[in-house]
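# What the coordinates show
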Number of protein chains: 2
Amino acid sequence: MAQSESRQGRKSARNGNSSVTLEDVARLAGVSTITVSRALNYPDKVAAKTLAKVNRAISQTGYVPNLLAGGLASRRTRLIAAIIPSITNLVYAETIQYFSSRLNDAGYQVLLGESGYPEQSEQKLISAILSRRPDGILLTGVNHSADCRRLLLAAKIPLVETWDLTPTPLDVIVGFSHERIGMAVADFVAAKGYRRVGTVSASDRRAQFREKTLIDRLATHGITDITRGEVPAPTDLHRGRIGLVRLLDDGFSAGVVCCSSDTLAHGVLIEAQSRAIRVPEEIAIVGFGDQSFAADTFPALSTVRIDRPRMGKLAADVLLARIEDDTVDEQVIDVGFEIVERGTT
Amino acid sequence: MAQSESRQGRKSARNGNSSVTLEDVARLAGVSTITVSRALNYPDKVAAKTLAKVNRAISQTGYVPNLLAGGLASRRTRLIAAIIPSITNLVYAETIQYFSSRLNDAGYQVLLGESGYPEQSEQKLISAILSRRPDGILLTGVNHSADCRRLLLAAKIPLVETWDLTPTPLDVIVGFSHERIGMAVADFVAAKGYRRVGTVSASDRRAQFREKTLIDRLATHGITDITRGEVPAPTDLHRGRIGLVRLLDDGFSAGVVCCSSDTLAHGVLIEAQSRAIRVPEEIAIVGFGDQSFAADTFPALSTVRIDRPRMGKLAADVLLARIEDDTVDEQVIDVGFEIVERGTT
DNA sequence: TGCAGCAATGTTAGCGCTGTCATTTCACTT
DNA sequence: AAGTGAAATGACAGCGCTAACATTGCTGCA
């Protein structure tokens, strides 16, 4: 038990602010620094007695590991970056919440980056993120500029794309098909017997794509009376309301309005109510996303459900598998979708 | 111009994955590593010609700096942590968005931590965050456990608390007074002549505190007919609807419902509409937060405006001032609030 | 008794960068 | 031509940790 008090204050120098280091803990516990390191990272490689001594020393000193140093030495930062269009868009925030919680449980932290603000280019964002040497990255969408693709691939770390599907992902992808959703919504409204269709879509690549496939598919059902409405990208109630105003101004009436998000759909619903237009009798509404509020509007919103919790968790699992085993069963995972019919249709 | 091609492949060893380092850039540019470092961090300390050479070498090699190494050496990580209750609560997400964008402009990145999930204790969260050695931390609220206070203060880095006010902040604080809001809302509904008051408050420390001061203040106006309703913490439309159902079940009618968030208020509004209760004639509603949707409900929501953009930006500015100059004019900054009267009262 | 074999612990050498101080360069005086 | 000071650049050590290999101690078996 009695350990020699060898190796003392060897260095020092620049260390003005006296933060506690592994060496301090090691000295107090009477072991070498590597043993403390092992006690923290691989506790079962250390004898129980030693572990106890080390843990005592850690709590006595109030030691907080330095992951910069650890990451530099081990090339593992336990940091995962996630790039989403906007943190204030609940559908992304929710996905990330599930993604993060899974990764936190596995000992990782998530660094968030917002790509929706083109003032700072996506490339700069990615550079900034890569300079922290994350162990993996989550991306939203599949449309990356050539420069971004190059940067990401050069980093040689696991990547997971989400919110879309492609047969040729950068690495792995967990998402759903916007094309199939557009078609499914078209089939749904056609089957319900609507003959006039209005759209309120955000000026967002994926939203526009769903709208396009919706319209194309409607044509195959013989529905060509389409009134299109586009609103700027961050969707909110206001833009939904404006969306309906525009449709009405353009002569739309007595049909179904297909929206690119539940928020827009809710705005359309409110605008209809403010004009005493009966929903769904006069105007029906379909949203997208099945956000938590969709079941609680009045009438409740018919929409397309995306299983965001599952997408977030799966993205985390796939990334962890790639990081820890470097293996992965499937490169492309389709989480699918489901049309949820409620009161607005 | 012709530089000697001295210092060649000195080391190597563990560097299996051949990522580009400062040394590679330096060699290509024909300068020393420290010059490249300066070219990146203090470009005006480097001659224009040298800068050009270095920049050429950087883009030729595709060099991405390693902030782990840089942070370790310089003790500045350019990382700021922000702890918020939940990323899916828009009021916090929005504050953080402004906070982040300010900090991004200043060359910092924000690492988000969610404290709302008590499975992992706040203390663990803080430890995890501190192990990345952030240059500063944003905290939401002023109620930290003794252990957390100790950890935070021991880190000796700038801290900014938000969303509340106290004369004794850990470091600096940018927020508003929940007590004064409770009182102001009481004064407002009393002045509007309401004699019966219902509450729908989230089971959240600050919401409960506003409710308490509201009720106390109402008493001074002679209003004691209060029906209280509490709902679990993450607020959504559903809980707002349930809140009104409970109030009605408890006999509440013909009065004003004061809610602890705009989302709850919106839920109350929807539930009222679903029951054909006229708003504001039969039931009036007051929200809290003035979220972007508050002006777009029908009728539009009367609420308490908190200037979240300003709070976020100010928190960033104050933190930057503390980090870069270590000075700060005021320790306590009150961003105030404002009652916004719209259609639901 | 001696030694194989494994568990536990230690030594060494960096990881990639920047602070500090030292040196060189060069325009400008006198 | 020599001297001066500021600007530009460089050498070196070390930030705090861990990978890789080395050493020690100990069990068990021939």
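Residues numbered from 1 in each chain as written. Chains lettered and ligands numbered in written order. Predicted model: local features only at pLDDT ≥ 70, side-chain atom pairs only at ≥ 80, totals over all residues. Heavy atoms only, no water.

## Quick notes on the overall build of chain A
Rules: Labels follow the DSSP assignment, with helices taken as runs of H or I lasting at least four residues and strands as runs of E lasting at least two, numbered in each case from the N terminus. Atoms counted for the radius of gyration: C-alpha only. Globule rule: 2.2 Å times residue count to the power 0.38. Partly exposed describes any residue whose relative accessible area lies between the buried limit of under 20% and the exposed limit of over 50%, with all areas from a 1.4 Å probe on protein chains only and scaled to the type maximum. We call two residues in contact whenever any of their non-hydrogen atoms come within 4.5 Å of each other. Accessible surface is estimated by sampling points in the Shrake-Rupley manner with a 1.4 Å probe; for residues, cover comes only from the protein chains shown.
Of regular secondary structure, chain A possesses twelve helices and twelve strands. Taken over C-alpha atoms, the radius of gyration comes to 27 Å for chain A, far larger than the 20 Å a tight globule of 345 residues would show. Counting over 345 residues, chain A shows a buried share of 51%. Across chain A, contacts joining residues at least 24 apart in sequence account for 68% of those joining residues at least 6 apart. Here chain A displays about 15400 Å² of accessible surface, and carbon together with sulfur accounts for 50% of that area.

## As for unusual backbone geometry
Going from V279 of chain A to P280 of chain A, the amide bond is cis rather than trans, its omega being 5 degrees. Its place among the elements puts P280 of chain A in the loop between α11 (262–274) and β9 (283–286). Despite not being glycine, D290 of chain B shows a phi value in the positive range, around 55 degrees. Within the secondary structure, D290 of chain B is located in the loop between β9 (283–286) and β10 (303–305). In this structure D290 of chain B comes out as buried when scored by relative accessible area, which is 12%.

## Digging into the packing of helix α6 (residues 122–130) of chain A against helix α7 (residues 146–154) of chain A
Residue and element names in this part refer to chain A. Filter applied, for reference: Where helices are involved, their axes are fitted lines through C-alpha atoms of the stretch in contact, as for all axes, and angles between N-to-C directions lie from 0 to 180°. To sort the angles, those under 35 degrees are grouped as roughly parallel, those over 145 as roughly antiparallel, those from 65 to 115 as roughly perpendicular, and the leftovers as oblique. In this count, Pro and Cys sit with the nonpolar residues alongside Ala, Val, Leu, Ile, Met, Phe, Trp and Tyr, while Asp, Glu, Lys and Arg are called charged and the others, Gly among them, polar.
Taken N-terminus to C-terminus, the directions of α6 and α7 make an angle of 10 degrees; their axes are 9 Å apart at the nearest point. When the interaxial angle is binned, α6 and α7 end up roughly parallel. In contact with E122, Q123, I126, S127 and L130 of α6, α7 contributes D147, C148, L151 and L152. Class assignment for the residues of the contact of α6 with α7 results in five nonpolar, two polar and two charged.

## Thoughts on the protein's contact with DNA strand D
Test applied: Note on terminology: near, applied to a residue and a molecule or strand, indicates that one of the residue's heavy atoms is within 4 Å of it. Identification of polar contacts relies on pairs of N or O atoms within 3.5 Å, with a donor-acceptor requirement for protein atoms, meaning one able to donate a hydrogen and the other able to accept it, and with residues adjacent in sequence counted only if both atoms are side-chain atoms.
Around DNA strand D, a shell composed of 31 residues is seen, among which L22, S37 and Y63 of chain A together with T35 and T50 of chain B lie nearest. Between DNA strand D and the protein, one listed contact pairs a phosphate oxygen with a side-chain N or O atom of S37 of chain A at 2.3 Å. In the environment of DNA strand D, a phosphate oxygen lies 2.6 Å from a nitrogen or oxygen atom belonging to the side chain of N41 of chain A. If you list the elements that add at least two residues to the surface near DNA strand D, you get α2 (33–41) and α4 (67–74) of chain A together with α2 (33–41) and α4 (67–74) of chain B. Split into classes, the residues belonging to the surface near DNA strand D amount to 13 nonpolar, 13 polar and five charged.

## Topic: the relation of the copies chain B and chain A
The cut-off we apply is this: The copies were overlaid by least squares, fitting only the C-alpha atoms of residues that reach a pLDDT of 70 or more in each copy.
The operation relating chain B to chain A is a screw motion whose rotation component is 180 degrees, with 0.0 Å of axial translation and a residual RMSD of 0.1 Å. The transformation just described matches what one would write down for a two-fold rotation axis. The residues that chain B uses at the interface reappear at the interface of chain A in 100% of cases, marking a shared surface.

## Side note on the side chain of R206 of chain A
All names here are of chain A. This is how the line gets drawn: The positive count covers Lys and Arg only, the negative count covers Asp and Glu only, and His and the chain ends enter neither. We define a salt bridge as a side-chain nitrogen of Lys or Arg found within 4 Å of a carboxyl oxygen belonging to Asp or Glu.
Mapped onto the fold, R206 is located in helix α9 (residues 205–220). Buried and unpaired, R206 has D204 as its nearest opposite-charge partner, separated by 4.3 Å. The contact partners of R206, leaving out residues within four places of it in the chain, are P85, Y92, T140, G141, W163, D164 and H178.

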